[in-house]
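What follows is each chain in one-letter form.
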Amino acid sequence: MAPTDVANPNYFHKVVDCQWACPAHTPVPEYIRLIAAGRYSDAYMINWHSNVFPGVLGRTCDRPCEPACRRGRVEEDPVAICRLKRVAADNKDDVRGRMPQPAAQKNGKRIALVGAGPASLTVARDLLPLGYDVTIYDGDANAGGMMRTQIPKFRLPESVLDEECNFILDLKPTTKFGHKIESLKALLAENYDAIFVGCGAPRGRDLEIPGRAEAAANIHIGIDWLSSVSFGHTTSIGKRVVVLGGGNTAMDCCRTSRRLGGEKVDVVVRSGFEEMKASPWEKEDAMHEDIPIHNFLVPKEFKHKDGKLTGVLFEKVKAEKDAKGRRNLVPTGEPDVLFECDDVLVAVGQENAFPWIERDLGLDFDPKWDMPVVDEVTYQSTNPKVFFGGDAAFGPKNIIWAVAHGHEAAVSIDLFCNGQDVKVRPSPLVNLSSQKMGIHEWSYDNDVSLDLRFKVPHAPKEKTLRDVNMEVELGFTRELGFKEAQRCLNCDIETVFAENLCIECDACVDICPEDCITFTLNDSEPVLRAHLTAPAANLTQDLYVSQELKTKRVMVKDEDVCLHCGLCAERCPTGAWDMKKFYLETAKAGSCSR
C-alpha cells in the first residue's frame, strides 16, 4: 500500500466518525470537551457556526452522528451526541454579542429565498454578513417552516425556536411573511441576482382506498393536521384514533392525539417494526405513552355509516423475497382486521408540490418524480439563477440535512454572484496541532470512562399527556451532561506517526489495548488487512500506513478500532507517536477569494 497522506483533509476527517457522518460536519468531539469543561457558550457557538440551530437540533435531530460513534463499537450505546448539543444550548450565557452583525454596507446583490425553513434561514445567515440584500418569502406569519408547523411543542418549545430564528432575523433580512409565492416566473421578473427555493415538501400523501370520500370529514392528512394543531386551529380529536404510517410524522401524530383527547390511539404500519422509518427513540416515546404499534397490516377500506367514519379494515401481510431477492409484502390469507375509530390520521409520506413553478423557465424536472433537476454538490438547477435545498431539493429528510444544503447553496450563490465557477468548491479550514504538554502529558483528558450511556430525564407522563405544549424531555442536568461528555473517546485527537523517530522497539504494539498497531512487510491492502495483529475487517475505515522503516517493514494502524487513548504515544521512548488535535471547519460562503 502507498503511505497514508495525512495532509489530505479527508483522511483524519473520516477518522472522526461522528463529524464525518454529520451532514453539516459539526466538530463533535471539540464541543463535547468544552461541555465537560463547563464552557457551554463556546460549545454552543461551535455548534451554531456549523448547524445553525443547536437548541432545536438538540431536541429533534435524526442523529446520523450517533450510529457512527466509535463508542458504539466497544459497547452497545453511542455517546448521546444530540442531547449534549442541548446541554450547550440550555446552559449558554447570552451569546447575542458573539453573533455576526448586519453588514455595514450592501454589496449590490439581491437574493430571494422562498420559504423560511431551516435551509433558507441557513442561506440567509451565511449571506447577510457578506452584504447581500436578502428577502425571505413565506406564507406563514413567522420564520421556522416545518420546525414550527410540524414538530409538536411538547418536543420543541416555541421559545427555543424563536430564539434561534431571531439570531438570523437580527441580521436584518427583508421579510415578507404571509406572502406565498404563486409564480417563479413572476419572482424571476423582479431581477434578483439569485433565487433559493427552500419551501420544503409541503404536501402529505393521501390514501385513496374505498370509503375515502364518504368518510372524508374524519380522515386527516398528518402534516396538515399537525400544522392546524400548531396554529391552534385544532384543539381536539375523537377518543378512538388510528394513525396510518411508520415515520416520525406518524409518531408526532399519535403522541399529539393522546394529548388532544385520544384515549385509544393505534399506529398501524404496513411494514415490520424494524423496517419502520421512524427513529428508534420516537417509537420508544410513543410506546411509553401507551400507544401500540401494529405491523404488517395494509389498509383496504375506510368503513363508514351515514357519512361518518366507523373504522378501518386491514389486510394481513407478511414479508417474502422473490426469485431476485427483492422483499415484497404478500397477503397471509388470514381474515381481515377491523380497527374501530372516530378519526384517522394519514401519515404515509410527504411529497413535493411545485404548481407555482412554470415549466418554461429553463428549469428541468425529472419526468419520473416531477422533481427539479438539482446538482447534488452545488444545489444549482438547470436555470443557473435558481438554487434548491432542504426537502425541496431531494425530498423529505431531517433538519440537519436542510442546514447542510443551505451552507453549500450559499457557497454556490456567493460564487455565482461573483462570476466564479460554482463547481470549484473552496477548501475547508483544517488544523492539526500537538496536544503535548510534557513528555507524557496531554492538554486533554484521555482517560476512557467506563460509564454506560445516561438516560435523559423525562417529565411525568401523567402531566405531559394533559398538556400539548409541555415539553416531555427535560434534558441532561449539568452533572449528567458532564458524565455523558466523559464517555466521548476524543476521536479528533489523532495518533500521528513520525517514521524518522521510530526505532522499531514495538513498545506501542505491546501496550495498545485494541491490538490495532502492527509492524509488518508491506503488501496489497487485502493481504495487509488479513496479516495485522487483529485483522482489519471494516473496509469503510482506512489503514494508516507509514513510509518504509529501516527494517523494510511499515507501521500499519487500523483506524477502525483505535480508542485514541494515547497509550502508544505515552509508551514510545523516542516520541515517534504524537497526539494531535484535528479540527476541520467546512467552507462557508465568503471563503472563496474575490
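Relevant structure appears above.
All figures in this text were calculated on a predicted structure; none of them were measured in a lab. (Residues numbered from 1 in each chain as written. Predicted model: local features only at pLDDT ≥ 70, side-chain atom pairs only at ≥ 80, totals over all residues. Heavy atoms only, no water.)

Undergrad: Help me get a handle on empty space enclosed by the protein, residues and values and all.
TA: Taken as a whole, this structure holds 7 cavities of 30 Å³ or more when the rule is applied. Approximately 120 Å³ is the volume found for the largest cavity. Taken together, 13 residues form the lining of the largest cavity, with Arg59, Arg83, Arg155, Asp285 and Glu473 sitting closest to its centre. Looking at the lining of the largest cavity, the elements that each hand over two or more residues are helix H5 (54-60) and helix H14 (280-288). At 3 residues, the largest contribution of residues to the lining of the largest cavity is made by H14. Residue composition of the lining of the largest cavity, grouped by class: 3 nonpolar, 1 polar and 9 charged. (1 Å grid on protein atoms, 1.4 Å probe; cavity = no way out; pocket = protein on both sides within 12 Å on 5 of 7 lines; lining within 4 Å. Points joined across faces, edges and corners; volume = space filled by probe spheres on them. Helix = DSSP H or I, 4+ residues; strand = E, 2+ residues; numbered from the N terminus. Nonpolar A, V, L, I, M, F, W, Y, C, P; charged D, E, K, R; others polar.)

Undergrad: Give a description of helix H12 (residues 222-230) that names residues and reports values.
TA: The element H12 is largely enclosed, with a buried count of 8 among its 9 residues. Buried residues of H12: Gly222, Ile223, Trp225, Leu226, Ser227, Ser228, Val229 and Ser230, and no others. At its buried positions, H12 is contacted by helix H9 (146-149), strand S5 (203-204), strand S6 (219-221), helix H13 (248-259), strand S14 (343-346) and strand S15 (350-351). Taken from the residues just after H12, Gly232 is the one with a positive phi, measuring 85°. (Buried < 20%, exposed > 50% of the residue type's maximum accessible area, 1.4 Å probe, protein only. Contact = heavy atoms within 4.5 Å.)

Undergrad: A description of the pattern of salt bridges should follow, citing residues and the corresponding values.
TA: When charged atoms on two side chains of opposite charge get close, those side chains can pair. With the rule as written, the count across this model stands at 52 salt bridges. Measuring nitrogen to oxygen at the nearest pair gives 2.9 Å for the salt bridge that ties Asp206 to Arg212. The partner of Glu275 in a salt bridge is Arg327, with the nearest N and O atoms 3.4 Å apart. Here Glu275 is found in the loop between strand S8 (264-268) and H14, whereas its partner Arg327 is found in strand S12 (residues 327-331), with 52 residues between them in sequence. Because the salt bridges share partners, they merge into one network encompassing Asp17, Arg70, Arg73 and Asp560. (Salt bridge = Lys/Arg side-chain N within 4 Å of Asp/Glu carboxyl O.)

Interpretation note: all reported values are geometric properties and have no functional meaning in isolation.
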